[in-house]
Amino acid sequence: MANIDKRWRVRAGAPLQGTTPVPGDKSLSHRAVMFGALAHGVSHVRGWLAAGDTEASLASIRRLGVKIDRHDLNTLTIHGGALHKPDSPLDLVNAGTGIRLLAGIMVGQPFASVLDGSTQLRRRPMKRIIEPLTRMGANIAAVEGKAPLTITPAALKGIHYEMPMASAQVKSAVLLAGLFAEGETVVTQPGPARDHTERMLTAMGADLQVEGNVTRVRAGGLLKPFDTTVPGDASSAAFVIVAATLVPGSDVTLTGVNLNETRTGIIDVLQGMGADITVTETGLEAGEPVGTVRIKHAKLKAAEVGGEVVVRMIDEFPVFMVAALHAEGETVVRDAEELRVKETDRIAVMAGELRKLGAQVTETSDGFRIVGGQTLTGAVTDGHDDHRIAMSMAVAGLVASGETTVLDAACAADSFPGFAKIMAHLKADITEYEPEAS
Ligand code: S3P
């Protein structure tokens, strides 16, 4: 997204009002194109997220010789079957989920491949997947445990892997490699991490069992294709949820949101702080519970956040910092050191950007402390090529005095295309512009 320069001008304004869906779930959209490619037959996907990260996965899967018909941006037909040797490195751009999951598939193929990405992705830790995949017999060459990953064919065998951190990406990479390994692959997670891979592979008929924190998989028969609608992304919903909670008078309803409980930690924590959020489950889509989320403005009290809920809201901490600034008392977050190895070091980068608005944030090695009731003053802030930083700063701008500018806002489209438009539809005072036109 770095080649497009978009900015947002944000002002506090009217209450947020209205009803809207949010774009499709990013985690499920990555998996849909990858797993659809592995299925024997034709899969149909509606509501697919057409965003920077997921487009990188789709393009990589096409480069592996898989035909994907695109009826419109969000509706795909995937002609699954054999993968073919790509003629050049696969570019996952900024997508951590893309590169880590695809590595789990590529190590099981009878041809070599190179997985690479942007400068940002090349900084992110890959040892966490290289280590277990190598134990399974995979051949992965990398310099200092970072992308590019050069994978050459090798026979895989199942392992018992105790994951040191609760990471869905690592779990998924090992389970996917397990589909191509001899014997059983067992992954134990230290606590619940998102379980989309397990749900989707089970629905496709994989030989996979989940018991508490232990998942077992064996190479089995053919994976069945699927016909599915991707629900809305709970992580995208979180920006609206926090904004509507903080802006006085707001009353917003989000429809079709993925309510998988490995993803809804932010709602639980905000409700515990006094937020007025009503969740109504309406059914199942893609094997995931979905429903509406209605948010009305409420005053928040501080919270202590740590332990298992951290993984259930790991992507939501940037915007949660904005909520904490408006909660009465001191909010303390612990056990969230993973934030330091996301698209950016989200603790340091958010603290730095919020300070530009006059906020006081205390960083700790595994989280932060924020005393609420702070007054924010509009300023020029930067998205740092990290979608969740850019959108969190826009939400901060909605509760700051004066005008806030978010530079490098195009990156929001890595996960939430149309963010500014949806917020404007909800009556938020956000204008998107390109600097030449300003
Ligand atoms: C994801 C897992 C999480 C999350 C990321 C998406 C996934 O990462 O932060 O945005 O789709 O599996 P980790 O597995 O590294 O915690």
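Residues numbered from 1 in each chain as written. Predicted model: local features only at pLDDT ≥ 70, side-chain atom pairs only at ≥ 80, totals over all residues. Heavy atoms only, no water.

**What about the overall build of the protein?**
And step 1. When you go through the protein residue by residue, the secondary structure sums to 14 helices and 30 strands.
And step 2. Computed over C-alpha atoms, the radius of gyration of the protein comes to 21 Å, within 12% of the 22 Å expected from 2.2 N^0.38 for 438 residues, which places it in the range of a compact globule.
And step 3. Counting only C-alpha atoms and orienting by the principal axes, one finds that the protein spans roughly 60 × 45 × 40 Å.
And step 4. Within the span of the protein, comprising 438 residues, buried residues form 57% of the whole.
And step 5. For the protein, the proportion of contacts with a sequence separation of at least 24, taken over those separated by at least 6, is 75%.
And step 6. Entry remark: accessible area of the protein is about 15800 Å², with carbon and sulfur atoms responsible for 51%.
And step 7. Both charge centroids of the protein, one from 43 positive and one from 51 negative side chains, sit 1 Å from each other. (Helix = DSSP H or I, 4+ residues; strand = E, 2+ residues; numbered from the N terminus. Rg over C-alpha atoms; globule rule 2.2 N^0.38 Å. Buried < 20%, exposed > 50% of the residue type's maximum accessible area, 1.4 Å probe, protein only. Contact = heavy atoms within 4.5 Å. Areas by Shrake-Rupley, 256 points an atom, 1.4 Å probe, with all protein chains shown as cover. Lys, Arg positive; Asp, Glu negative; His and termini not counted. Charge placed at Lys NZ, Arg CZ, Asp CG, Glu CD.)

**Focus on the sheet that holds strand S13 (residues 184–188)**
Strand pairing within a sheet occurs via backbone hydrogen bonds; the two strands may be parallel or antiparallel.
And step 1. Taken together, the four strands give an open sheet; going across it, the order is S11-S13-S15-S14, and neighbouring strands pair in mixed fashion. Single-partner strands in this sheet number two, and they are strand S11 (160–162) and strand S14 (207–211). For this sheet, the mean inter-axis angle between neighbouring strands, taken without regard to orientation, is 15 degrees.
And step 2. Where S13 and strand S15 (residues 214–218) come together, five bridges link them in antiparallel fashion. Residue Thr185 lies in a different strand from S15, and its bridge partner there is Val217.
And step 3. Across the sheet, helix H6 (residues 168–178) is in contact with S11, S13 and S15; its angle to S13 comes to roughly 170 degrees. (Pairing = 2+ DSSP bridges. Axes fitted to C-alpha atoms, helices over the stretch in contact; angles between N-to-C directions.)

**Observations regarding helix H13 (residues 387–398)**
And step 1. The end-to-end C-alpha distance of H13, which contains twelve residues, comes to 17 Å, matching closely the 16 Å that a straight helix rising 1.5 Å per residue would cover.
And step 2. Taken across its twelve residues, H13 has twelve buried, putting it largely inside the fold.
And step 3. All of the buried residues in H13 are His387, Arg388, Ile389, Ala390, Met391, Ser392, Met393, Ala394, Val395, Ala396, Gly397 and Leu398. (Expected span 1.5 Å × (residues − 1).)

**Thoughts on the domain arrangement of the protein**
And step 1. Partitioning the protein into domains gives domain 1 (7–23 + 231–433) and domain 2 (26–228).
And step 2. Measuring from the centre of the C-alpha atoms in domain 1 to the corresponding centre in domain 2 gives 28 Å.
And step 3. With 28 residues of domain 1 in contact, the opposing surface of domain 2 contributes 23 residues.
And step 4. When the two sides are added together, the surface that domain 1 and domain 2 hide from each other amounts to roughly 2100 Å², 45% of it contributed by carbon and sulfur.
And step 5. At the surface where domain 1 touches domain 2, the tally comes to three salt bridges.
And step 6. Elements with a contribution of two residues or more to the side of domain 1 that touches domain 2: strand S19 (288–296) and H13.
And step 7. Residue composition of the side of domain 1 that touches domain 2, by class: nine nonpolar, seven polar and twelve charged. (Domains from an automatic or database assignment. Buried area = accessible area lost by both parts, 1.4 Å probe. Salt bridge = Lys/Arg side-chain N within 4 Å of Asp/Glu carboxyl O. Nonpolar A, V, L, I, M, F, W, Y, C, P; charged D, E, K, R; others polar.)

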